[in-house]
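A structural walkthrough
Residues per chain are reported as follows:
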Amino acid sequence: MARWCYRHRLVVLLLWVGALLGLGVSASSAGTNYAEVFSLPDTDSKRAIDLMERAFPERAGDTDTVVWKVDEGSVRDDSVRSRIEPALKEIGRMEGVGAVTDPYGAQGAAQISEDGRIAYAQVTFAEQADAVPKELVQDVVDTAQGAARDGLQVELGGQAITRVQEPPTGTAELVGILAAAVVLFVAFGSLFAMLLPIVVAVFGVGTGMFGTQLLSHVTNVPELATLLSTLIGLGVGIDYALFIVTRHRRGILRGADPEEAAVTALNTSGRAVLFAGGTVCIALAGMLVTNLRFLDGVVIGTTLTVVLSVLAAVTLLPALLGLLGHRVLSRRQRRRLAAKGPETETASGLAARWSAGVQRRPRSVAVLAVVLMAALAVPLLSLRLGTVDQGNDDASMTTRKAYDLLAEGFGPGFNGPLQVVVDGEASDSLVTVLEKTEGVAQVAAVPPANGVSVIQVVPTTSPQDAETDRLIDTLRDDVIPDAGVEAHVGGVTAVSKDFATVTSERLPLFIGTIIGLGFLLLLLAFRSLVVPLTAAVMNLLAAAASFGVLVMIFQWGYGLDLLGLGKEGPIASFLPIIMLSLLFGLSMDYQVFLVSRMHEEWVHTRDNARAVRVGLAETSRVINSAALIMVCVFLAFVLSGDYGAAMAGVGLAAAVALDAFILRTALVPAVMHLLGKSNWWLPAGLEKRLPHLAVEPKEEAVAAEQGPRHEGPSSVVHGFVRTADGEPVEGAAVTLLTSGGRQLDRVVSLADGSYIVSVPAPGTYLLAATATPLGSRAAHVTVTDGPLVHDVELVPGEVDAVN
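Calculation notes
Position labels on residues start from 1 in each chain and follow its written sequence. Since the coordinates come from a predicted model, pLDDT governs what is reported: local features require at least 70, and pairs of side-chain atoms require 80 or more to be given and counted, while whole-chain, interface and lining totals use all residues. The basis for every side-chain value is the complete set of heavy atoms in the structure, and neither hydrogens nor water enter the calculation. Cavities and pockets were defined on a 1 Å grid built from protein atoms only: a cavity is a group of points that admits a 1.4 Å probe but offers it no way out, a pocket is an open group of points flanked by protein on both sides within 12 Å along at least five of seven lines, and a lining residue is one with an atom within 4 Å of any such point. Grid points are joined across faces, edges and corners, and a volume is the space filled by probe spheres set on the points. Numbering of helices and strands runs from the N terminus, with a helix taken as a DSSP run of H or I at least four residues long and a strand as a DSSP run of E at least two residues long. Only strands joined by at least two bridges in the DSSP assignment are considered to pair. Between N-to-C directions, angles cover 0 to 180 degrees, with each direction set by a line fitted to C-alpha atoms, over the stretch in contact for helices. By definition, residues are in contact when any of their heavy atoms lie within 4.5 Å. Stacked, tilted and edge-to-face are the three classes assigned to paired rings of Phe, Tyr and Trp, where Trp is represented by its six-membered ring and a pair needs centres within 6.5 Å; plane angles under 30 degrees give stacked, over 60 edge-to-face, the rest tilted. Summary of the burial criterion: residues with accessible area below 20% of their type's maximum are buried, those above 50% are exposed, and those between are partly exposed, where the area comes from a 1.4 Å probe applied to protein chains only. A ring is scored as having a charge over it whenever the NZ atom of a lysine or the CZ atom of an arginine sits within 6 Å of its centre and within 35 degrees of its normal. For this classification, under 35 degrees means roughly parallel, over 145 means roughly antiparallel, 65 to 115 means roughly perpendicular, and everything else is oblique. Take the far helix as your reference; a near helix turned counterclockwise from it by less than a right angle gives a left-handed crossing, and one turned clockwise gives a right-handed crossing. Each residue gets one label: Ala, Val, Leu, Ile, Met, Phe, Trp, Tyr, Cys and Pro are nonpolar, Asp, Glu, Lys and Arg are charged, and the others, such as Gly, are polar.

1. Some words on empty space enclosed by the protein
Where empty space is left can be seen by rolling a probe of water-molecule size over the atoms. Scanning the entire structure with this criterion turns up 4 cavities of 30 Å³ or more. In this structure, the largest cavity occupies an estimated 80 Å³ of space. Lining the largest cavity, in full, are Thr279, Ile282, Ala283, Ile514, Leu517, Gly518, Leu521, Phe584, Gly585 and Met588. Of all the elements in the fold, those that place two or more residues in the lining of the largest cavity are helix 10 (258–285), helix 18 (492–526) and helix 21 (575–605).

Laid out in structure tokens, this is it:
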């Protein structure tokens, strides 16, 4: 497939451009039909909502608030009424507005604060917030705020109003792409190579976003799905292309033809991309086991975007590589390749030194990493799930100002009133009992309608306060049963509490599902029980630490001012499931790319220490670059204007950074060094029954990239070249010869002094090592059926002669 795409690059490019433009035009013509479906069956708040819809069908839509405050005098003054009343009447005549209740009517006294300086009116739309046209919402905002003047402040709050207060879409995406471009340019040193991952990600995210928009007309997709799809699509799209382009460039530098280098890159890193993309989709699909209908649309949008991003990486990318040819290298690399010929790329520098350091001190590295992750996870113990409301908005937004004005005039609980709904007529005793309940500030009974009675209960505490949650429990468990009536507690605050409760109850099943599926995939891929078990533990550790960071920032408020994100509050109820899905999928990506290289080395040498050392040295740089790109993309969503999306972006950025820079770079290799050969243990009976799922290509495909090798090497000789002081010797020439002096293999030691030479068959051979200004040393080595470890010590001025 890679070869076909490479040779038919113009056809592939035109197909992708046609798909993007076609979907874009179709989505623009069809518009959007996003819908929030907070269906929580078998919950008290859902039963209350059903009764409310039966009682007030004309008020089933979203209810928003217009709030005004005077600096002097009273809101009852004629000078204020003459400006506010005409605006409210104009709003009531707008098509799509169901009703407007103002404080100037016969029963409106309760809508004016005790000091007379603050009042509010309620605007009920005919549809729910996401179905209300933005043009109508903007007209309501403009009409209401048009009544403001010096000394008269007018603000608006509510879910529909939020939709017109968000900054222009695309800002977060653009900033994320620009940050990723800087990282890619530093990593590649080539403008064309930098553009490749970005172009691939844009095509994947663009088709995914337009496809999700079209799907919103045939199924329930929340607007949040497009934001999360863009967030995850940009991250994985750029990362997957980065892995493939890195392998392609390495092949060209080693002397391969660009076409063969592209085919080899897709047959190696491309396979890992397919596998990694599959694990992300499985982790996302794990959300379905929670049976929360709100998440179904999120699964559809994010999974579609990931699938299209993977498809772009394995089809569009080889086509673009064909268009660029050698220009995928920087000018300096092309000049060096022309002047000096192919080079053998070895793991050197910081990556190799770090890998050797982890091997020397695995216990110390593991202990430090665990202590750091555990310290970051401690705040998780105070995690509190709840609703993210307009009290968390930035202080400059009209929704936040309206929220604060209502709290100032009518008490903090006014922004989250509870509805006690009775199927029938509410008794006076129930109202009396509610008024006497501790934590209740105000009780107002609404006249029965369609056989349903509604009692509005205003708490003394804010919607996000833990005391409000306890009040809901008290009403349900004690107050209402003691009154001898059947009633249900509803309202936005109660719905949010029930959502958090259901999420908490189903979280263990969800975590168990995605960990179990991930375990099976890694078991099939690496033929080991220990590797997937280690990955599962690491994923849980990363999740705990990242949620600890979230609690510190968004619940405790550390750094919120620096990020410009408004006010602290509980963690959004929907976030754990969505964030854990994305985190487990992305963590599995890094685990696959890291361990697949280790597994490849293990298969060839059966030396665990070398496999872990080489795998870490050769993959850590690209994994860290990919993680840095992810962090940039996720943090850019702080600029989205959506508090929930910003929370998800910060949480995922922290999770990816901790996972890549601490877990995969330090803790995983340290633990694998400590476990030794046990890493690759698999019972013989299970080995026979498991189907084979190859992440790495067949060995002959790798051999084509690496150049000619001895056919059928029975084993290898490997070890370290060091000085008498134990310092590694980089660049030492290590040669394997027959007893008659014929050269069989020759390699150069890496930065940590390691080397490996191929042995064609069991027997006795001559191994020689030399390095300038150090001396040289040679020795006879006898190789049997398995790999032989042989360390070499070089002393300045000393030369060994072996007869």
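2. Some words on the sheet that holds strand 7 (residues 440–449)
Spatially, 4 strands are ordered 7-8-6-9 in an open sheet, and the strand pairing comes out antiparallel. Pairing within the sheet leaves two strands with one partner each, and these edge strands are strand 7 and strand 9 (487–490). The sheet shows a mean angle of 20 degrees between the axes of neighbouring strands, direction not considered. Along the sheet face, helix 16 (residues 428–436) touches strand 6 (418–423), strand 7 and strand 8 (452–459) and points at about 160 degrees away from the line of strand 7.

3. Re the packing of aromatic side chains
All chains considered together, the criterion is met by 7 aromatic pairs. Relative to tyrosine 104, the ring of tryptophan 68 has its centre 6.2 Å away and its plane inclined at 35 degrees; by these criteria the two rings are tilted. One end of the pair, tryptophan 68, is in strand 1 (residues 63–70); the other, tyrosine 104, is in the loop between strand 2 (97–101) and strand 3 (118–125), with 36 residues separating them in the sequence. For tyrosine 104, a relative accessible area of 13% translates into the label buried. When the centroid spacing of 5.2 Å and the interplanar angle of 90 degrees are considered together, the rings of tyrosine 120 and phenylalanine 410 count as edge-to-face. One end of the pair, tyrosine 120, is in strand 3; the other, phenylalanine 410, is in helix 15 (residues 398–410), and 290 residues separate them in sequence. Across this residue pair, the class does not change: tyrosine 120 and phenylalanine 410 are buried. Through pairs of rings, three or more aromatic residues link up here, namely Tyr120, Phe410 and Phe414. Sitting over the ring of tyrosine 6, arginine 9 keeps its end group 5.3 Å from the ring centre. Over the ring of phenylalanine 720 we find arginine 722, and its NZ or CZ is 4.2 Å from the ring centre.

4. Some details on the packing of helix 9 (residues 223–253) against helix 11 (residues 293–324)
Two numbers describe how helix 9 lies on helix 11: the axes approach to 8 Å, and their chain directions differ by 25 degrees. Between helix 9 and helix 11, the angle falls in the class roughly parallel. The chirality of how helix 9 crosses helix 11 is right-handed. Among the residues making up the contact of helix 9 with helix 11, the classes are represented as 16 nonpolar, 9 polar and no charged.

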